[in-house]
Amino acid sequence: MLLLTSAMGIATGAVTVSPSQLIAILAQSAGLDFPWTYDARQEAVVIAIRLPRILLGLLIGSGLALSGATMQGLFRNPLADPGLIGISSGAALAVTAWIVLGGPLMELAGAFLSYASLPLAAFIGSIVATLIVYRLSTQNGRTIVSTMLLAGIAVNALAGAGAGFFVLLATDDQLRDIVFWSLGSLGGATWRAVLTTVPFVGLAILALPRLARSLNALLLGEAEATHLGISIEQVKRVIVVLTALAVGASVAAAGSIGFVGLVVPHLLRLMVGPKHRLVLPGSALLGATILVGADTIARTIIAPAELPIGIVTASLGAPFFLWLLLRVRHQGESGLA
Amino acid sequence: MLEAFSISVQVGGKRLVHGVSVEVPPGHLLAVVGPNGAGKSTLLRVLSGEHAPTSGQICLNETELHRWSAKQLAQMRAVLPQDSSLSFPFRVLDVVLIGRTPHLRSAETPHDYAIVDQALRAVDMSEFGRRPYTTLSGGEKQRVQLARVLAQIWEESPLGPRYLFLDEPTNNLDIAHQHRMMRVARSLKDQGVGILAVLHDLNLAAQYADKIMLMQNGQVSANGFPSDVLTPNRIKEVFMIPVKVIQHPTAFCPVIVPVP
């Protein structure tokens, strides 16, 4: 399903590419020759524009969904997501501040920095917010999860107020930038963006599923997990750092894309049950599929213009999720806690 | 052997446990009883390694508690909590399987599933294996949690004798399952497991414990055989309620009856 969605994503758009041509183009870059012909424009579009965009979508979708699933396990709360502990709002504050105040600085800094500055700001914002929340909720080496939630809410509110303040200061042009960024888009995808995102999201994808068993035990309670021989403080640290990196990198590359981190793990639990050994890798795969699918819709539905992807994920996902909720309730199952 | 010497616990300037020494040899059941707020659960948390004591020393199998790694500890002692909140709909089977966590290298083996089966049978919950945990009643959940801790220490450990901590295990259970729970504890004891149980029901303690430790205001008021500890005068002094102590007609242990 993942491969199929990706292939469809590559093939659709202003320049159409047939499945056989797609295979031929990809094979060509791997040094193989296939009999199907394609023109240079198609090759350029696939290699330079669509391929990095799809890859970025895959990375971000899996990173967000995996982080969401892990957070829900850590907080023992099916409503948790990375936004809850301030990761996203920290990034949003930093980006708004940069759009409004960064202009003069950018002229000084030169071309490269101005290109990379927005993602960088988002990244720094998310890491700083996470560190603040983590510090506030950690005493004598023990992290208190409920304090972490409360600190996250406070940091969210503060960051929201700060961002609102910068919005007030913004000019009309800057306002447009802010709004567009806050709805998220994969439009900025380049090979460079893909390469900067890979290590952060890749680390999370490699490491987080290994915590499946610890997360299962953690669902019983922290004391119970300790009694089962799990070093929960270490597990918490690893989760906070890895999700901050993955989500920070995602927000940096594509703005804030809501909904994926919250809902994808739920879909997985409805499909395969709550065991993290299945939910974690499953969320990564499904998140990737959904985001690439949503992005394909986002850039084709009102072509040649492009819809922010956040609008697509929310407007398609939310009704679907509500339908699932109703269906589960009618069946009288407690699929969602 | 589980040994603790003059344990004290202070939290925020308040003394919860003061100068308590206690021993649980393998194959013994020690019941800790006392009024609400006497420090029983705090003591259990410290002895099980969940919290470090403010002062005092705890040894498990001749090694100081903090020298064991979390995983090693988990391979020889299990803890049944007062109540467990699990809001995700795991199957009963999978909840019990979580108890095998400290013994797993990679994936669960058929051997682990066999242990889960036997543990569920021991608590009379075999038929519930595929039910979602969230649909169970309070008493059924408690029995599943017991099966989980049984699965954790089902087999002998190369690290030494095993220990089981029970924190008010009979909460939410009807009288039949209260006694069934205590009989499960007794059969574990016969396999050489050392058990420390915090109990509210003095009669249950009298009937199943080898020794009883009576706590009051964070200190040990009495420690010894049930018939020596549970005297009318001491119970009146600690619990502020007049009682008569009679003899159980068949088990010959003391039975405490409140009198008006």
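The structure presented is a predicted model; accordingly, all values stated were derived computationally and were not measured.

The rules behind these values
- Residues numbered from 1 in each chain as written.
- Chains lettered and ligands numbered in written order.
- Predicted model: local features only at pLDDT ≥ 70, side-chain atom pairs only at ≥ 80, totals over all residues.
- Heavy atoms only, no water.
- Contact = heavy atoms within 4.5 Å.
- Buried area = accessible area lost by both parts, 1.4 Å probe.
- Salt bridge = Lys/Arg side-chain N within 4 Å of Asp/Glu carboxyl O.
- Helix = DSSP H or I, 4+ residues; strand = E, 2+ residues; numbered from the N terminus.
- Nonpolar A, V, L, I, M, F, W, Y, C, P; charged D, E, K, R; others polar.
- Pairing = 2+ DSSP bridges.
- Axes fitted to C-alpha atoms, helices over the stretch in contact; angles between N-to-C directions.
- UniProt positions renumbered as here; feature names shortened; annotations may be inferred.
- Parallel < 35°, antiparallel > 145°, perpendicular 65-115°, else oblique.
- Left-handed = near helix turned anticlockwise from the far one by under 90°.
- Buried < 20%, exposed > 50% of the residue type's maximum accessible area, 1.4 Å probe, protein only.
- Core = buried A, V, L, I, M, F, W, Y, C linked by side-chain atoms within 4.5 Å.

1. As for the interface of chain B and chain A
- Each partner contributes to the interface: chain B provides 35 residues, whereas chain A provides 24 residues.
- In total, about 2300 Å² of surface goes out of reach between chain B and chain A, with carbon and sulfur atoms giving 60% of it.
- Counting the contacts that link chain B with chain A gives two salt bridges.
- Two residues, K275 of chain A and D94 of chain B, come together in a salt bridge whose shortest N-O distance is 3.2 Å.
- If you tally residues by element for the side of chain B that touches chain A, the top one is helix α3 (residues 92-98) of chain B, at four residues.
- Looking at side-chain class alone, the side of chain B that touches chain A contains 15 nonpolar, 12 polar and eight charged residues.

2. A few points about the sheet that holds strand β9 (residues 211-216) of chain B
Residues and elements named next belong to chain B.
- Taken in spatial order, the six strands line up as β6-β7-β8-β3-β9-β10 in an open sheet, and their pairing is mixed. The two strands at the open ends of the sheet, each matched to only one other strand, are β6 (77-80) and β10 (219-224). Geometrically, the sheet is characterised by an average inter-axis angle of 15° between neighbouring strands, direction not taken into account.
- Direction of pairing for strand β7 (residues 163-167) relative to strand β8 (residues 194-198): parallel, over a ladder of five bridges. The partner of Y163 across the bridge, within β8, is G194.
- Sheet contacts for helix α5 (residues 138-152): β6 and β7; angle to β6, the most-contacted strand, approximately 175°.

3. Side note on the sheet that holds strand β2 (residues 14-24) of chain B
Residues and elements named next belong to chain B.
- Spatially, the four strands line up as an open sheet ordered β2-β1-β4-β5, and their pairing is antiparallel. Lying at the two open borders of the sheet, with one neighbouring strand each, are β2 and β5 (63-64).
- The pairing of strand β1 (residues 2-11) with β2 spans seven bridges and is classified as antiparallel. Bridging across to β2, A4 finds its partner in V22.

4. Describing the UniProt feature "domain: ABC transporter" (unreviewed entry) in chain B
- Following the UniProt record, one finds the feature "domain: ABC transporter" (unreviewed entry) at residues 2-242 of chain B.
- In the segment residues 2-242 of chain B, helix accounts for 35% and strand for 25%; the C-alpha atoms at its two ends are 34 Å apart.

5. Here's the deal with the packing of helix α3 (residues 40-74) of chain A against helix α8 (residues 191-207) of chain A
Residues and elements named next belong to chain A.
- One can describe the packing of α3 onto α8 by two numbers: an axis separation of 9 Å at closest approach and a directional angle of 25°. Judged by the inter-axis angle, α3 sits roughly parallel to α8. Between α3 and α8 the crossing geometry is left-handed. Only W191, A193, V194, T197, V198, V201, A204 and I205 of α8 make contact with α3, whose side of the interface consists of I47, A48, L51, P52, L55, L56, L59, S62, G63 and L66.

6. Points about the pattern of salt bridges
All names here are of chain A.
- Inspection of the entire model under this criterion finds 12 salt bridges over all chains.
- When the shortest N-O distance is used, the salt bridge between E233 and K236 registers 3.2 Å. Of this pair, E233 and K236 both sit in helix α11 (residues 232-254), separated by three residues, roughly a single helical turn.
- Of the residues examined, E233 reaches a relative accessible area of 16% and is grouped as buried.

7. Considering the nonpolar core
- Among the nonpolar cores identified, the biggest contains 136 residues, and L146 and L164 of chain B are the most heavily contacted of them.
- Broken down by element, this core gets its largest block of residues, 13 residues, from α11 of chain A.
- Not counting chain neighbours up to four residues away, the residues in contact with L146 of chain B comprise L80, V123, L166, M181 and V184 of chain B.
- Counting residues in hydrophobic clusters, the runner-up holds 28 residues, among them V17, V20, L60 and L65 of chain B.

8. Re the packing of helix α4 (residues 110-122) of chain B against α5 of chain B
All names here are of chain B.
- Packing of α4 against α5 leaves a shortest axis separation of 8 Å and a crossing angle of 135°. Considering the angle they form, α4 stands oblique to α5. Seen from above, α4 lies across α5 with right-handed handedness. Across the interface between the two elements, I115, A119, L120 and A122 from α4 touch A147, L150 and A151 from α5.
- Taken together, the residues of the contact of α4 with α5 sort by class into seven nonpolar, no polar and no charged.

9. Here's the deal with the pairing of strand β3 (residues 29-33) of chain B
Residue and element names in this part refer to chain B.
- For β3, the tally of buried residues reaches five of five residues, placing the bulk of the element in the interior.
- Every second residue of β3 is oriented toward a common face, with L29, A31 and V33 on one face and L30 and V32 on the other, all of them buried.
- In the sheet, β3 pairs with β8 via four bridges, with the strands oriented parallel. Counted as the bridge partner of V32 is V198 from β8.
- Summarising the sheet, β3 and β9 pair through four bridges and their orientation is parallel. Within the sheet, the bridge partner assigned to L30 lies in β9 and is K211.

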